[in-house]
Amino acid sequence: MSEIKEFFFTTREAQIIFGRSDENLRLLEKRLSVSLIGRGNVLKIKGESEQVARAASVLTRMKQLLAHREKLQESDLDQLLSGLTAEVEKDHGPSGKSAEGVVEVFSRRDTVQAQSPKQKSYVEAIRQYDLIVGIGPAGTGKTYLAVACAIEAVKKRRFQRIVLTRPALEAGERLGFLPGDLEEKIKPYLQPIYDALFDLMKYEELKRWTERRIIEIIPLAYMRGRTLREAFIILDEAQNTTTGQLQMFLTRLGPQSRAVITGDITQIDSPLSQTTSGLVEIQSILKGVPGIRFVYFTQRDVVRHPLVKRIISAYQRHREKKDSGQHLPQAKKSQDKF
């Protein structure tokens, strides 16, 4: 249902909040899907009730910030758009209900429901932070939920596109030696991402998004030199990156973009990252940096076959014994008689 709401500002507030030549209003219109008309100290918000409430909430926070500051920084507006928008949805939801742990994809699945408290925390972190790092064993929904959140965010016009990437080859990503075009070369290594997309989206819609480059799936090596604006970026299998590769990925983040990094530090496959896994080092390098959230999953969050939890637990016990130096059974040597 359409709605019109008026906001009143002081002259100082209007000058700062509207921005030079109303540039802030144009950004708010684009990100929040509303029409904003400023007349002197009065601002009219037009749009669907949901979007109007969201825009009003952002503007209220902007006024609150100006009560304690002389001016607003560009980063303030970006944080409000990425973080506060999520808070409003959490409280009210798209249909007036709580949306905690629920991801709307409006396609093959109307909603994706988080299956554990940690998954709910992960979804909420993705909605509130600009950089999220999900670490944990296979089957905990790290990649699947990140892809679902990306689809939701693009459909709600918070981002223009989705960029999905993954280390393609363990030995330096030498794709030129493989047969076929780029898509054929990298598809086997990016299959888990394709699996999530096919489960969440109808084929026709996925094909249309791919053709229009709303969705881009590329190997990590092809990220170098790019700056990604207004994009939702997901790096999967990050445990197989080196420190340099992960640093390169992090510096691709452009204005109004968000990144989710996922991986399992117990499954480092690449020889290049065995001793210098970027995902291992990032935990100490970025610890305490504002705007970044680490979410750690355990075997309790596994949502695959029940046997997977038991397998993960068994391997964990094995690693703990090995790390503590306890004696592990050795294979008996064969004693051949000649």
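Residues numbered from 1 in each chain as written. Predicted model: local features only at pLDDT ≥ 70, side-chain atom pairs only at ≥ 80, totals over all residues. Heavy atoms only, no water.

### Notes on the nonpolar core
Inference 1: Tyr122, Ile151, Leu164, Leu197, Ile215 and Phe232 are the most contacted members of the largest nonpolar core, which has 37 residues in total.
Inference 2: When contributions to this core are tallied by element, the ones reaching two or more residues are α5 (117–128), α6 (142–155), β7 (161–166), α8 (191–200), α9 (203–211), β8 (215–219) and β9 (231–235).
Inference 3: With nine residues, the single largest contributor to this core is α6.
Inference 4: In this view, Leu164 contacts Val147, Ile193, Leu197, Ile215, Glu216, Ile217, Ile218 and Ile234; residues no more than four positions away in its chain are not counted. (Core = buried A, V, L, I, M, F, W, Y, C linked by side-chain atoms within 4.5 Å. Buried < 20%, exposed > 50% of the residue type's maximum accessible area, 1.4 Å probe, protein only. Helix = DSSP H or I, 4+ residues; strand = E, 2+ residues; numbered from the N terminus. Contact = heavy atoms within 4.5 Å.)

### Concerning the pairing of β9
Inference 1: Where burial is concerned, most of β9 is hidden: five out of the five residues are buried.
Inference 2: The two faces of β9 match: Ala231, Ile233 and Leu235 on one face and Phe232 and Ile234 on the other face are all buried.
Inference 3: When β7 meets β9, the two strands line up parallel, connected through five bridges. Residue pairing in the sheet places Ile162 in a bridge with Phe232 of β9.
Inference 4: Taken together, the four bridges between β9 and strand β10 (residues 258–263) define a ladder with parallel strand orientation. Looking across to β10, one finds that Leu235 is bridged to Ile261.
Inference 5: Where the polypeptide runs from β9 across helix α10 (residues 243–250) and back to β10, its parallel neighbour, the crossover connection is right-handed. (Pairing = 2+ DSSP bridges. Right-handed = clockwise from strand over helix to strand, strands pointing away.)

### Let's talk about the confidence of the model for the protein
Inference 1: Scored by pLDDT, the protein comes out at a mean of 78, with 75% of its residues at no less than 70.
Inference 2: Between the elements of the protein, mean pLDDT differs from a low of 55, seen in helix α4 (residues 74–92), to a high of 96, seen in β9.
Inference 3: Counting contacts from residues 331–338, a segment whose pLDDT is below 50, to residues more than four positions away or on other chains yields zero contacts. (pLDDT = per-residue confidence, 0-100.)

### So, the sheet that holds strand β2 (residues 35–39)
Inference 1: Spatially, three strands are ordered β1-β3-β2 in an open sheet, and the strand pairing comes out antiparallel. Unpaired on one side and paired on the other, β1 (2–8) and β2 mark the two borders of the sheet. Pairs of neighbouring strands in the sheet enclose a mean axial angle of 15 degrees, with direction left out of account. (Axes fitted to C-alpha atoms, helices over the stretch in contact; angles between N-to-C directions.)

### Notes on the sheet that holds β7
Inference 1: Spatially, β8-β7-β9-β10-β6-β11 is the arrangement adopted by the six strands of the open sheet, whose pairing is parallel. The open sheet has two edge strands with one neighbour each: β8 and β11 (292–296). Pairwise comparison of adjacent strand axes, ignoring direction, gives a mean angle of 15 degrees for this sheet.
Inference 2: The sheet contacts of helix α11 (residues 278–285) involve β6 (131–135), β10 and β11, and relative to β6 the element is tilted by about 125 degrees.

### Let's talk about a nonpolar patch on the surface
Inference 1: A cluster of nonpolar side chains, contributed by Leu307, Ile311 and Tyr315, occupies part of the molecular surface with about 300 Å² of accessible area.
Inference 2: With respect to the helices, strands and loops of the structure, Ile311 is situated in helix α12 (residues 306–324). (Patch = residues over 30% accessible without salt bridge, like charges linked within 9 Å, V, L, I, M, F, W, Y side chains within 5 Å. Areas by Shrake-Rupley, 256 points an atom, 1.4 Å probe, with all protein chains shown as cover. Salt bridge = Lys/Arg side-chain N within 4 Å of Asp/Glu carboxyl O.)

### Some remarks on unusual backbone geometry
Inference 1: One non-glycine residue, Ser21, adopts positive backbone phi at about 55 degrees.
Inference 2: Its identity as a non-glycine residue notwithstanding, Asp22 has a phi of 60 degrees, on the positive side.
Inference 3: Position of Asp22 among the secondary structure elements: in the loop between α1 (11–18) and α2 (23–32).

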